[in-house]
Amino acid sequence: MTTTTTLPLIDDLYLPAAAVDPTLKGIERMAAEARLLETRAGVAYFEIDCRSALNRCANPQLPFTWTLNPYRGCEFGCKYCYARYTHEYMGMTDGRDFERKIYVKRDMPARFAEELDRHKDQGLPIALGTSTDPYQPAEKRYRVTREVLAVLLRHRGLDFSITTKSALITRDLDLLRLLNLRHRLRIHISLITVNPTLARRLEPRASTPARRLKAVKALSDSGLKVGVFIAPILPGLTDHSLGLERLISRAVESGAGSIGANLLFLMPSARKQLFPTLAEDFPELLARYQQLYNRSAYVSGEHKEKIMKLVERLRKKYGLIRRERPSPPPSLFNTGQASFQFAVA
Ligand code: SF4
């Protein structure tokens, strides 16, 4: 049975916690307790309490057990982002709210420290940035991700990964180098195309492809394990063999040691953003998308097989040896858009 949560829009929620209805529970309470921190360039930042930093991931096929997401919502505003549904779940049905109302979990580092001290993680893999980007613009100011990394410095021997579409990650090279000595650290830069115009249209405020590749190089030159996730591959837009080859060759040249790839997973909340973009800029593709995603948020069958074979051929061509991993539904991993079919050099 589906339950619909009806919440007031966050515009109506600039209330001190004391005014919050004490009978509210769970996500309703969290939304009502949000405290406005500031607004900048049309984006409002809210502080929310983080009751638990580490969230258990239920799918045993995924290469991590725990997830950490310092922010709810993401200013990068990728048209295809599956995580948009999380704002809808909080009663914000205008898709733009996901990009303009950002919730900051400022106390996450403290919660994370407590949880690691209690050994809540049990030494199992932790992934940072599985729902929203940990290096989105809010991080420049609030530095929650950086503080989370600082907490990890007090520990050793953990399995930790980070996924981002932002070159801001290089700000933390000092901490990442140290973490690499203490933990099993992997970094994934998510990149769907090297065409800057296409990237700007689909991922309006994420770092440009050139800046992301530069970040791959900086991370790799610092001795860190860094891979590129082509996530998602969009039918008719980024699945052309020449475009994929250009991307993979540039990633490998920049020092990427692995390439992940997965086809677009299109949730209804993302469809509401992507389809108008297609209608405006790529009208010839709209009918194809409507047909491909008619029954499901996934693409399967012949089309999927063809694209994944192409990626595999390119991996081999660029010296990446396939390491088999299960390929679970991307619905369970960011950035709407990561994958677990990847290869290492
Ligand atoms: S896909 Fe990732 S970077 Fe893009 S809006 Fe979603 S969370 Fe942000």
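Up top you'll find the structure we're talking about.
**Q** Just to check I follow, could you spell out unusual backbone geometry for this structure?
**A** Backbone phi values are negative for most residues with the exception of glycine, while trans is the configuration of most peptide bonds. Of note, the amide linkage connecting Ala-231 to Pro-232 takes the cis form, showing an omega dihedral of 5 degrees. Tracing the backbone shows Pro-232 in strand E10 (residues 225-233). With a phi angle near 55 degrees, Gln-122 is a residue other than glycine that sits in the positive phi range. For Gln-122, the location among the structural elements is in the loop between helix H4 (108-117) and strand E7 (126-128).

**Q** Hey, could you run me through the nonpolar core in this one?
**A** Within soluble globular proteins, side chains that are nonpolar generally end up buried alongside one another. Grouped together as the largest cluster of nonpolar side chains are 91 residues, with contacts concentrated most on Leu-68, Phe-112, Leu-149, Leu-176 and Tyr-289. Ignoring any residue separated from it by four or fewer positions in sequence, one finds Tyr-289 in contact with Leu-234, Pro-235, Leu-237, Leu-264, Leu-274, Phe-275 and Leu-278. The next biggest cluster of nonpolar side chains, apart from the first, holds 10 residues, and it includes Met-30, Ala-34, Phe-46 and Met-90.

**Q** How do you make sense of the packing of helix H10 (residues 241-254) against helix H13 (residues 301-317) when you look at a structure like this?
**A** Working note: a packed helix pair is described by the angle between its axes plus the distance between those axes. Where H10 contacts H13, the axes come no closer than 10 Å and their chain directions differ by 40 degrees. Comparing their axes, H13 and H10 come out oblique. For the pair H10 and H13, the sense of crossing is right-handed. Across from Ser-241, Leu-244, Glu-245 and Ile-248 in H10, the residues of H13 making contact are Leu-310, Val-311, Leu-314 and Lys-317. Split by residue class, the contact of H10 with H13 holds 5 nonpolar, 1 polar and 2 charged.

**Q** Sorry if this is basic, but what is going on with the sheet that holds strand E1 (residues 35-40) here?
**A** The strand order E1-E2-E6-E5 describes an open sheet built from 4 strands, whose pairing is mixed. Edge positions in the sheet fall to E1 and strand E5 (71-72), since each has one partner strand and no second. For E1 and strand E2 (residues 43-47), the ladder comprises 5 bridges, and the chain directions are antiparallel. From the neighbouring strand, Arg-35 faces E2, where its bridge partner is Glu-47.

**Q** I'm lost on the pattern of salt bridges in this one. Help?
**A** Pairing of side chains with opposite charge becomes possible as their charged atoms draw close. With the rule as written, the count across this model stands at 30 salt bridges. Notably, a salt bridge pairs Arg-201 with Glu-280, separated by 3.7 Å at the nearest N-O pair. Taken together, the residues Arg-201 in helix H8 (residues 196-202) and Glu-280 in helix H11 (residues 268-281) connect sequence positions 79 residues apart. Taking relative accessible area as the criterion, Arg-201 reaches 26% and is therefore assigned partly exposed. Assessed through its relative accessible area of 61%, Glu-280 is described here as exposed. Here Glu-305 makes a salt bridge to Lys-309, at a shortest N to O gap of 3.8 Å. In this pair, Glu-305 and Lys-309 are both assigned in helix H13, 4 residues apart and thus about one turn of the helix distant. Under the relative-accessibility criterion, Lys-309 is labelled exposed at 55%.

Parameters and conventions
- Residues numbered from 1 in each chain as written.
- Predicted model: local features only at pLDDT ≥ 70, side-chain atom pairs only at ≥ 80, totals over all residues.
- Heavy atoms only, no water.
- Helix = DSSP H or I, 4+ residues; strand = E, 2+ residues; numbered from the N terminus.
- Core = buried A, V, L, I, M, F, W, Y, C linked by side-chain atoms within 4.5 Å.
- Buried < 20%, exposed > 50% of the residue type's maximum accessible area, 1.4 Å probe, protein only.
- Contact = heavy atoms within 4.5 Å.
- Axes fitted to C-alpha atoms, helices over the stretch in contact; angles between N-to-C directions.
- Parallel < 35°, antiparallel > 145°, perpendicular 65-115°, else oblique.
- Left-handed = near helix turned anticlockwise from the far one by under 90°.
- Nonpolar A, V, L, I, M, F, W, Y, C, P; charged D, E, K, R; others polar.
- Pairing = 2+ DSSP bridges.
- Salt bridge = Lys/Arg side-chain N within 4 Å of Asp/Glu carboxyl O.

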